[in-house]
4 protein chains.
Amino acid sequence: MERIKGLVDAPFTPMKANGDVNLEPIPAYAAMLAGNGLKGVFVNGSSGEGYMLTSDERKALAEAWVKSAPKGFKVIVHVGSCCLRESVELAAHAKAIGAWGIGSMAPPFPKIGRVEELVLYCERIAAAAPELPFYYYHIPAFNGAFLPMVDFLKAVDGRIPNFAGIKYTFESLYEYNQCRLYAGGKFDMLHGQDETYLASLAQGGAEGGICGTTNYNGRVQVAIGEAWEQGDLERARELQNFSQEVINVICRYRGNIVGGKRIMKLIGLDLGPNRIPWRNLTDEEEASMKKELEAIGFFERCNII
Amino acid sequence: MERIKGLVDAPFTPMKANGDVNLEPIPAYAAMLAGNGLKGVFVNGSSGEGYMLTSDERKALAEAWVKSAPKGFKVIVHVGSCCLRESVELAAHAKAIGAWGIGSMAPPFPKIGRVEELVLYCERIAAAAPELPFYYYHIPAFNGAFLPMVDFLKAVDGRIPNFAGIKYTFESLYEYNQCRLYAGGKFDMLHGQDETYLASLAQGGAEGGICGTTNYNGRVQVAIGEAWEQGDLERARELQNFSQEVINVICRYRGNIVGGKRIMKLIGLDLGPNRIPWRNLTDEEEASMKKELEAIGFFERCNII
Amino acid sequence: MERIKGLVDAPFTPMKANGDVNLEPIPAYAAMLAGNGLKGVFVNGSSGEGYMLTSDERKALAEAWVKSAPKGFKVIVHVGSCCLRESVELAAHAKAIGAWGIGSMAPPFPKIGRVEELVLYCERIAAAAPELPFYYYHIPAFNGAFLPMVDFLKAVDGRIPNFAGIKYTFESLYEYNQCRLYAGGKFDMLHGQDETYLASLAQGGAEGGICGTTNYNGRVQVAIGEAWEQGDLERARELQNFSQEVINVICRYRGNIVGGKRIMKLIGLDLGPNRIPWRNLTDEEEASMKKELEAIGFFERCNII
Amino acid sequence: MERIKGLVDAPFTPMKANGDVNLEPIPAYAAMLAGNGLKGVFVNGSSGEGYMLTSDERKALAEAWVKSAPKGFKVIVHVGSCCLRESVELAAHAKAIGAWGIGSMAPPFPKIGRVEELVLYCERIAAAAPELPFYYYHIPAFNGAFLPMVDFLKAVDGRIPNFAGIKYTFESLYEYNQCRLYAGGKFDMLHGQDETYLASLAQGGAEGGICGTTNYNGRVQVAIGEAWEQGDLERARELQNFSQEVINVICRYRGNIVGGKRIMKLIGLDLGPNRIPWRNLTDEEEASMKKELEAIGFFERCNII
């Protein structure tokens, strides 16, 4: 199976002031991401408020991204939901519209407590789009599925034919590396924590990743990998430190999904509000966040619209 | 607002061997519950695998229960989902088909961390069926919403006009009692833990409850309340102890949703399998559970089909 | 073995302004507790900051309480520590000075993860004072030992000859009742949550308890049991509701160990400060707490010094 | 203040078959560690079962290590305990016997919930040995003190004069790096997770660390740093991967404290059993662990006695 090289972006879902999904900005959004060095998108994931969208909205978004994708730009559709039947339908739809791949996190309800349950769940979804690579999206802080990933790889290996790898959004670089080493590097381990990308490059030899902050800070994040590739450790560190500074700021503004989405407006691509139960930033909070970003020189280094 | 007196059942969702929802048993199911002393149903909740059903399936189930309900038998529809727009639609549908009330738990994703977020969420749903009583279903072990319920009552009081009360499925009888005492007993506090019903009657003066084990052990559970009412503490204790013995058994067979649903087959109302990621009991496990239930004399005291 | 009937108090440790242990108030303290209906003390437990005392201080306190105890007033010494050798020494000391019984919670470090580990730990301590009843103090919120207590009873039954029972400070009245029913009521289950005493009397038939708020609110807490005994449910409820109101207040002032200890000063028995890392109340906080207690009529119902 | 360069070992506490502390092996132990490239020891920490030793035992061990230390070999004494007075005494003792530095983790009881509480605790201990560098040992998985470390550095900066830095035993390389960058690198950030040392070198520029597996795998762990220093990334990765393989094995044998201590016997320096509540390995388990270690070639690469 083809491996993902470079960084894939997890886009926000553009919304109108009334909360309706807004497909209109997507072509410009896709072009912008490609122009800033991103290799594709992971649509309808946590950054995209995927769980908070109706099935029809998720399909419409997947279609819009596939249609808007520049040549070679990969569209991976997150199809996870609490309802397996819905996920199966979304997987088949992703295949039908020509997506490059699919992915799913563990359902947050009921809480997955055993590897076997997770395998049953992923197996059915993967089987609904057997020609597409399937990525498991490991983000236990969000759904409570704190399962050992090496055991999971052992369980799916030979059982889910189109299992491609894991989008690994968790703290343990030890486990990440053990997954990477599994079966001679059989699976594609996508790094999923923007703040430790350099650490992962050094220890784990990561080649690809899926990122949330690349929506606005993609040039810097991409450059970390390039500097590392070129053996320029000092530059890689400086870039990673800057990436962390940006993350320090958004952590004070409800994180990437809320604060990060609002940054898009500040760099010139207004994507509208978040859905309830997220609490949108007030105008005062936006102004304060802007000031903090200016103080670290963000607007000179951020994505170019 | 009318208070719920007595016990409301949280029904399982009947399914065919292939996993399709099966509406056919519902009239008999409703009659059976009423015949065993239950006062209504809380449809599409956790026992009903509500989060694992499609929107269309949830609507079909709600309709079937409303149509099948004997006179005076309350149908409360659980409309919670990760997608507020879906919940709003389900709430409006519940109103349209003539349900008695609606309810919602906190979404498991994104995890609710503040009372204000929960209020925003409930407010929108309740507003979609303003003529129906709205119950918040507090079950933090399932969705991580470990929020202080007295603070929540303060926040909704005067803000959500049709807020009726809480289905309280949590360990703290202290908090339960504090909620019951709030504003002179303004809200309807439905006890939601079958194993401590007697404790709740004594301390909290509970008048109503929503139960999962009443699907098969309803006669006993209802009798606890009657014995208490009659001042027969010894009998109430014996009944509650028996109720706990039944729960001891199902805890060894993946709990009420999996083990309990399988008991329905054993008492003569086969409701089919559970949905993935639940792991269904094997035939051996079923036989073993049956033996344990026989050993405690369950089949002489269980619901009469 | 003799059962504990009625309520045992968990005393605070009197300290001088400089933080030294102050043995001087103990005779008056013991007489006061007995005079307000308490049946004994559980010395050096969590209310007594036992883990924050040196071994020598713990011994001196145990001795002072044994010497000060009125006739028939039981002194149980908590001897738990992270260092089993220290606990063994404290147990032997308790025996030597004539304590009525001993107890221990699970060590918070290393975190106990298995029943077998807990049995090993308790077994050694109990064996150091084989003539005294040994109580396990179950308070998992403090030490992370969330172990199933029925399994623990099975494991110690027949193995620790002087195992007397459990001081049960946890939310699950279901598990409490299952422990009480174990082997025909073989073990002494001491209720350990002041706010749910009535619930426990009703469901579990609790006969004894160990309490933290009885230091200042003992008359009310004792009266709950008396009212229940006399079949006066309305009075029992009113008293339990008042007990909860007092607990509502201390929860706003860092709980019983900090806020409760300061109440002692307000009722006329100044016990001095708490040890670091506890943060003592400021004078402003004390005044504010006093006001809240006045507002609920606490000083008319509290312990008489 | 002098920075620690290179790796410091967290030694096990040698014990006799009856569980008594055994000081006899310590001179050979110290020489062995120095001979395998370690720069010092962190005595009576978690690997050393420090919390499970009496105060007298802790002092005797500290003295033995100071006496046995080769020239330039740093002895840092962990003095943390639940009882601040005991810790203060141990700190003064460490100073008196000529230890190089002291350290303390947060007490596991009462659980530290606020930065201010931790500062109060560390402040008093540090003040008892004001001429020695004081290291905070951050290991929240063991004591529940999940506090933000940058905030902690801000709080101690300018308040605890001999605060030297943090032994950081936690997953977040993001936070580790932020601590390292704090105030221009003012504090000494000692890496404390053997399995991610390379990641930390790359991202965080770690210069020193405190390790548990260096007791038996020190040559490899030290060589990771050397290879990195020399720019030999491939070798550093191979060494780190091997280090992880060793850790994979000990994770199957109750971790470093139990399994690791038993490895010492296998490499020729028998340090005896662990204390209760740790469950010692059976002979069968030891044999099985030995086989697994042979399979990865451990005995060719391990420390030389």
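Remember, predicted model here, so these are calculated numbers, not experimental data. (Residues numbered from 1 in each chain as written. Chains lettered and ligands numbered in written order. Predicted model: local features only at pLDDT ≥ 70, side-chain atom pairs only at ≥ 80, totals over all residues. Heavy atoms only, no water.)

1. Some words on the overall build of chain A
- Within chain A, the regular secondary structure consists of 13 helices and eight strands.
- Expected size for 305 residues packed as a compact globule is a radius of gyration near 19 Å; at 18 Å, chain A falls within 12% of this value.
- Looking at chain A residue by residue over its 305 residues, the buried ones come to 66%.
- Here the analysis covers contacts within chain A between residues at least 6 apart in sequence; of these, 74% occur between residues at least 24 apart.
- Of the side chains in chain A, 32 bear a positive and 36 a negative charge, and the two mean positions are spaced by 3 Å. (Helix = DSSP H or I, 4+ residues; strand = E, 2+ residues; numbered from the N terminus. Rg over C-alpha atoms; globule rule 2.2 N^0.38 Å. Buried < 20%, exposed > 50% of the residue type's maximum accessible area, 1.4 Å probe, protein only. Contact = heavy atoms within 4.5 Å. Lys, Arg positive; Asp, Glu negative; His and termini not counted. Charge placed at Lys NZ, Arg CZ, Asp CG, Glu CD.)

2. Brief notes about the packing of aromatic side chains
- All chains considered together, the criterion is met by 60 aromatic pairs over all chains.
- With a centroid separation of 6.2 Å and 65 degrees between ring planes, the pair formed by Tyr216(B) and Phe298(B) is classed as edge-to-face. On the criterion of sequence distance, the pair formed by Tyr216(B) in helix α9 (residues 214-229) and Phe298(B) in helix α13 (residues 298-301) is long-range, its members being 82 residues apart. Residues Tyr216(B) and Phe298(B) agree in their burial class; the two are buried.
- When the centroid spacing of 6.1 Å and the interplanar angle of 45 degrees are considered together, the rings of Phe134(D) and Phe163(D) count as tilted. Of this pair, Phe134(D) sits in strand β5 (residues 134-138) while Phe163(D) sits in strand β6 (residues 163-168), and the two are 29 residues apart along the sequence.
- Phe134(D) gets classed as buried once you look at its relative accessible area, which sits at 0%. (Phe/Tyr/Trp six-rings, centres within 6.5 Å; stacked < 30°, edge-to-face > 60°.)

3. Let's talk about the relation of the copies chain B and chain C
- Between chain B and chain C, which share one sequence, the superposing operator has a rotation angle of 180 degrees and an axial displacement of 0.0 Å; the RMSD is 0.0 Å. This pairing of chains is accounted for by a two-fold axis. Among all residues of chain B, the minimum C-alpha distance to the rotation axis is found for Ala199(B), at 2.3 Å.
- Of all interface residues in chain B, 100% are interface residues in chain C too; the two copies therefore contact each other through one and the same surface. (Least-squares fit on C-alpha atoms with pLDDT ≥ 70 in both.)

4. Structural notes on the pattern of salt bridges
- Within this structure, the stated rule accounts for 68 salt bridges over all chains.
- Linking Glu238(A) and Arg301(A) is a salt bridge whose minimum nitrogen-to-oxygen distance equals 3.0 Å. Residue Glu238(A) is found in helix α10 (residues 233-251), and its partner Arg301(A) is found in helix α13 (residues 298-301); the two are separated by 63 residues along the sequence.
- Residue classification places Glu238(A) among the partly exposed residues on the basis of a relative accessible area of 36%.
- What makes Arg301(A) partly exposed here is its relative accessible area of 24%.
- Between Lys186(B) and Asp157(B) there is a salt bridge; the shortest N-O distance is 2.5 Å. (Salt bridge = Lys/Arg side-chain N within 4 Å of Asp/Glu carboxyl O.)

5. Looking at the interface of chain C and chain D
- Taken together, the contact pairs 33 residues of chain C with 33 residues of chain D.
- Together chain C and chain D conceal approximately 3,000 Å² of surface at their shared face, both sides included; 69% is due to carbon and sulfur atoms.
- On the chain C side of the contact with chain D, Arg85(C), Phe109(C) and Ile276(C) bury the most area, a combined 26% of that side's loss.
- Linking chain C with chain D are four salt bridges, by the criterion used here.
- Ionic pairing is found between Asp20(D) and Arg85(C), a salt bridge with its closest N-O pair at 2.7 Å.
- Applying the counting criterion to the chain C and chain D interface returns eight residue pairs in polar contact (both at pLDDT 80 or more).
- Mapped by element, the contributors of at least two residues to the side of chain C that touches chain D are α3 (84-97), α4 (115-127) and α5 (140-143) of chain C. (Buried area = accessible area lost by both parts, 1.4 Å probe. Polar contact = N/O pair within 3.5 Å; in protein donor to acceptor, adjacent residues only side chain to side chain.)

6. A few points about the interface of chain B and chain C
- At the interface, 24 residues of chain B touch 24 residues of chain C.
- Connecting chain B to chain C are zero salt bridges.
- Taken together, the links from chain B to chain C amount to 17 residue pairs in polar contact (both at pLDDT 80 or more).
- Of all the secondary-structure elements, those providing two or more residues to the side of chain B that touches chain C are α7 (173-181), α8 (197-204) and α10 (233-251) of chain B.
- Here the element with the most residues in the side of chain B that touches chain C is α10(B); it accounts for eight residues.
- Tallied by class, the residues present in the side of chain B that touches chain C amount to 11 nonpolar, 10 polar and three charged. (Nonpolar A, V, L, I, M, F, W, Y, C, P; charged D, E, K, R; others polar.)

7. A word on the environment of Ala127(C)
- For Ala127(C), the location among the structural elements is in helix α4.
- C-alpha of Ala127(C) to C-alpha of Ala28(C): the two residues are 99 residues apart in sequence and 33 Å apart in space.

8. Focus on the state of the cysteines
- By the definition in use, this model includes zero disulfides over all chains.
- Just so you know, Cys82(B) is unpaired, no disulfide at all, and the nearest cysteine sulfur is the one on Cys82(A), 4.3 Å from it.
- Since its relative accessible area comes to 6%, Cys82(B) is described here as buried.
- Distance from the sulfur of Cys122(C), which forms no disulfide, to the nearest cysteine sulfur (Cys179(C)) is 13 Å.
- Overall, Cys122(C) belongs to the buried group, its relative accessible area being 0%. (Disulfide = S-S within 2.5 Å.)

9. Thoughts on the side chain of Asn44(B)
Residues and elements named next belong to chain B.
- Among the secondary structure elements, Asn44 is positioned in the loop between β2 (40-43) and α2 (55-68).
- Taking relative accessible area as the criterion, Asn44 reaches 2% and is therefore assigned buried.
- In terms of polar contacts, Asn44 uses its side chain to reach the backbone carbonyl oxygen of Arg58, at 3.1 Å.
- If we skip the residues at most four places from it in the chain, Asn44 touches Thr13, Gly50, Leu53, Arg58, Leu61, Ala62, Val77 and His78.

10. Some thoughts on the sheet that holds strand β5 (residues 134-138) of chain A
Residues and elements named next belong to chain A.
- The parallel closed barrel is built from eight strands, whose spatial order is β1-β2-β3-β4-β5-β6-β7-β8. Between one strand and the next, the sheet's axes are offset by a mean angle of 30 degrees, whatever the strand orientation.
- With three bridges connecting them, strand β3 (residues 74-78) and strand β4 (residues 101-105) associate as parallel partners. Opposite His78, over in β4, you have Gly103 as the bridge partner. (Pairing = 2+ DSSP bridges. Axes fitted to C-alpha atoms, helices over the stretch in contact; angles between N-to-C directions.)

11. Here's the deal with α4(C)
Residues and elements named next belong to chain C.
- Between its first and last C-alpha, α4 extends 18 Å over 13 residues, near the 18 Å set by a 1.5 Å rise per residue.
- Those residues of α4 that sit buried are Val115, Glu117, Leu118, Val119, Leu120, Tyr121, Cys122, Ile125 and Ala126.
- Among the structural elements, α3, β4 (101-105), β5 (134-138) and α6 (149-156) are those in contact with the buried residues of α4. (Expected span 1.5 Å × (residues − 1).)

12. Here's the deal with the sheet that holds strand β6 (residues 163-168) of chain C
All names here are of chain C.
- In spatial order, the strands read β1-β2-β3-β4-β5-β6-β7-β8; together these eight strands close into a barrel with parallel pairing. With strand direction ignored, the average angle separating the axes of adjacent strands in the sheet is 30 degrees.
- Sheet topology places β5 next to β6; five bridges connect them, and they run parallel. Counterpart to Tyr135 in the pairing with β6 is Gly165.

13. Side note on unusual backbone geometry
- Residue Pro110(B) is bonded to the preceding Phe109(B) through a cis peptide linkage, with omega at -5 degrees.
- Within the element layout of this structure, Pro110(B) appears in the loop between β4 (101-105) and α4 (115-127).
- The residue after Ile276(B), namely Pro277(B), is reached through a cis peptide bond having omega 15 degrees.
- Tracing the sequence through the fold places Pro277(B) in the loop between α11 (255-266) and α12 (283-295).
- Even without being a glycine, Ala183(A) presents a positive backbone phi close to 50 degrees.
- Mapped onto the elements of the fold, Ala183(A) is located in the loop between α7 (173-181) and β7 (188-191).
- The partly exposed category is assigned to Ala183(A), whose relative accessible area is 47%.
- Positive phi is not limited to glycine here, since Glu49(B) has a value of about 55 degrees.

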